[in-house]
Amino acid sequence: MDTKIGSLDTCKPPCSDLASPPNGAVSTIQSSVPATPLVNPSESTLGRHLARRLVQIGATDVFSVPGDFNLTLLDHLIAEPGLNLIGCCNELNAGYAADGYARSRGVGACVVTFTVGGLSVLNAIAGAYSENLPLICIVGGPNSNDYGTNRILHHTIGLPDFSQELRCFQTVTCYQAVVNNLEDAHELIDTAVSTALKESKPVYISVACNLPAIPHPTFSREPVPFSLSPKLSNEMGLEAAVEAAAEFLNKAVKPVLVAGPKMRVAKACNAFVELADACGYAVAVMPSAKGLVPEHHPHFIGTYWGAVSTAFCAEIVESADAYLFAGPIFNDYSSVGYSLLLKKEKAVILQPDRVVIANGPAFGCVLMKDFLKALSKRLKSNTTAYENYHRIYVPEGQPPKCEPKEPLRMLSSETAVIAETGDSWFNCQKLKLPKGCG
């Protein structure tokens, strides 16, 4: 039976699952798709196939910077009715826009030109790699007839070797496709796009500038929707991990939950909130997980960031006799120079596919989402930590009421906060995000 993909279930604040492609998400496994229709022979081109594939996976807005190596490809993207091509001032802007789009919609895409554009977008692609974001970076490459000719092209570093850009992308993408032959173009493009979705990492696609408009038999039909096998937990490992964690946490007097940034890639935000609702523990977030847990949750106590935590948050987390960290990253930044007052023997550390309980057992092939959902049915309700927080909490002062017709800029459910991550990041952590604000 033919299958196609539906929503990748990305974490969009307040971590609601994404819908199907009409709403911009990457399509869950759905059943039974009819045979794809034939394409007009004159339109069976690489450029159209790539455009249709982007629409199909939910990247209906593509961020671009024109250059002479990608102009023909951009013409085909513009011609696709379901695709909105957004011009950007420079490549880095395009890359970061695609990064934000991937966070919100499940997958992003950008199009730049050869080398001068590719090297400019590289920093954004590296950031997407570190953040586990599926991002399709498409580069208009050299004419396929120029390969192997020992010619020096513009937009390069003055050498006849065209591979410098590719070598740079190899360390910050999970797959690289250099399309300079129509015979294998279909396979390379589809492999790249599907790999980005499966691995939740950026990919690099270089398309020779003379190929997008040339018809080829491999593009004679509409793209067949991808069929991506969902990841599954080892059921025995899952049961053992849940049993061990439940026993450990149910013995604690004042346990807490702390959300980490890897919850997004594990698509476990809803499951985390479900667990928080069921167990009644105090809930905190690590700084890079801000926005992944709704801050209007009744047991939310703020950002846990060691000595610079939200007021009274560190006292509750570090005095707990057990804490569950879901998807944490303990680097020098998130740990304030490795100064967190945490003890391994008190911690349940949950990664996207692994659970480690204190100094004891570890369980692999256990998906975070499955673990959190199962654990929510096994934990006893315990509100002690939150009650302790409520007892010591001193409310912040309220701003004065504004005068009639006085302009006031406020956060709302329609707002997204974009914060530059220098010293201002500390201040942004203090912003209280209202319901629906990412």
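Right above here is the structure, for reference.
Keep in mind that this is a model prediction, so the values were computed, not measured.

Draft legend 1. Broad picture of the overall build of the chain. Helix and strand content of the chain: 12 helices and 15 strands. Residues classed as buried in the chain amount to 50% of the 438 residues present. Accessible surface, the chain: about 20300 Å² in total, of which carbon and sulfur atoms supply 55%.

Draft legend 2. Structural view of the packing of helix α7 (residues 235–250) against helix α10 (residues 368–376). Here α7 crosses α10 at 50°, and the two axes come no closer than 10 Å. With respect to α10, the element α7 is oriented oblique. In this structure, α7 crosses over α10, and the sense of that crossing is right-handed. Mapping the contact onto sequence places Leu238, Ala241, Val242, Ala245, Ala246 and Leu249 in α7 and Asp370, Phe371, Ala374 and Leu375 in α10. Looking at the contact of α7 with α10 residue by residue, the classes come out as nine nonpolar, no polar and one charged.

Draft legend 3. Just the packing of helix α1 (residues 46–57) against helix α6 (residues 185–199), in detail. For the pair α1 and α6, the least separation of the axes is 11 Å and the interaxial angle reads 20°. When the axis of α1 is compared with that of α6, the two are roughly parallel. By crossing handedness, the relation of α1 to α6 is classed as right-handed. For the pair formed by α1 and α6, the contact residues are Leu46, His49, Leu50, Arg53 and Ile57 on the first element and Ala185, His186, Ile189, Asp190, Val193 and Leu197 on the second. Along the lines of polarity and charge, the residues of the contact of α1 with α6 split into seven nonpolar, two polar and two charged.

Draft legend 4. Broad picture of the side chain of Ser44. Secondary-structure assignment places Ser44 in the loop between β2 (30–31) and α1. Excluding its chain neighbours within four sequence positions, the residues that come into contact with Ser44 are Val39, Ile214, Pro215, His216, Phe219 and Ser220.

Draft legend 5. Structural detail: the side chain of Glu91. Structurally, Glu91 can be placed in helix α3 (residues 91–105). Of the side chains bearing the opposite charge, Arg167 lies closest to the buried Glu91, which forms no salt bridge; the N-O distance is 19 Å. For Glu91, the contacting residues outside a window of four places in its chain are Val65, Val112, Gly117, Ser120 and Val121.

Draft legend 6. Quick look at the state of the cysteines. Going through the model one piece at a time under the given rule, you end up with zero disulfides. The thiol of Cys89 is not disulfide-bonded; the next cysteine sulfur, from Cys88, is found 7.3 Å away. We classify Cys89 as exposed; its relative accessible area is 75%.

Draft legend 7. Main features of α3. Along its 15 residues, α3 runs 20 Å from first to last C-alpha, staying within 8% of the 21 Å computed at 1.5 Å per residue. When α3 is considered as a whole, its buried residues turn out to be Glu91, Ala94, Gly95, Ala98, Asp99, Tyr101, Ala102 and Arg105. For α3, the buried positions fall inside an angular range of 165° around the axis, keeping them on one side. Elements in contact with the buried residues of α3: β3 (61–64), β5 (108–113), α4 (116–130) and β6 (135–141). In the segment just after α3, Gly106 is the residue with positive phi, at about 105°.

Draft legend 8. Spatial organisation of the pairing of strand β14 (residues 354–357). Only one face of β14 is covered, namely the face carrying Val355 and Ile357; the face carrying Arg354 and Val356 is uncovered. Note that strand β13 (residues 347–351) and β14 share four bridges and pair antiparallel. Counterpart to Leu350 in the pairing with β14 is Val355. Between β13 and β14, which pair antiparallel one after the other, the connecting turn spans two residues. The pairing of β14 with strand β15 (residues 362–364) spans three bridges and is antiparallel. Residue pairing in the sheet places Val355 in a bridge with Phe363 of β15. Two successive antiparallel strands, β14 and β15, enclose a turn made up of four residues, where Ala358 displays a positive phi of approximately 50°.

Here is what the cut-offs are and how they apply
- Residues numbered from 1 in each chain as written.
- Predicted model: local features only at pLDDT ≥ 70, side-chain atom pairs only at ≥ 80, totals over all residues.
- Heavy atoms only, no water.
- Helix = DSSP H or I, 4+ residues; strand = E, 2+ residues; numbered from the N terminus.
- Buried < 20%, exposed > 50% of the residue type's maximum accessible area, 1.4 Å probe, protein only.
- Areas by Shrake-Rupley, 256 points an atom, 1.4 Å probe, with all protein chains shown as cover.
- Axes fitted to C-alpha atoms, helices over the stretch in contact; angles between N-to-C directions.
- Parallel < 35°, antiparallel > 145°, perpendicular 65-115°, else oblique.
- Left-handed = near helix turned anticlockwise from the far one by under 90°.
- Contact = heavy atoms within 4.5 Å.
- Nonpolar A, V, L, I, M, F, W, Y, C, P; charged D, E, K, R; others polar.
- Lys, Arg positive; Asp, Glu negative; His and termini not counted.
- Salt bridge = Lys/Arg side-chain N within 4 Å of Asp/Glu carboxyl O.
- Disulfide = S-S within 2.5 Å.
- Expected span 1.5 Å × (residues − 1).
- Arc of directions from axis to C-beta.
- Pairing = 2+ DSSP bridges.

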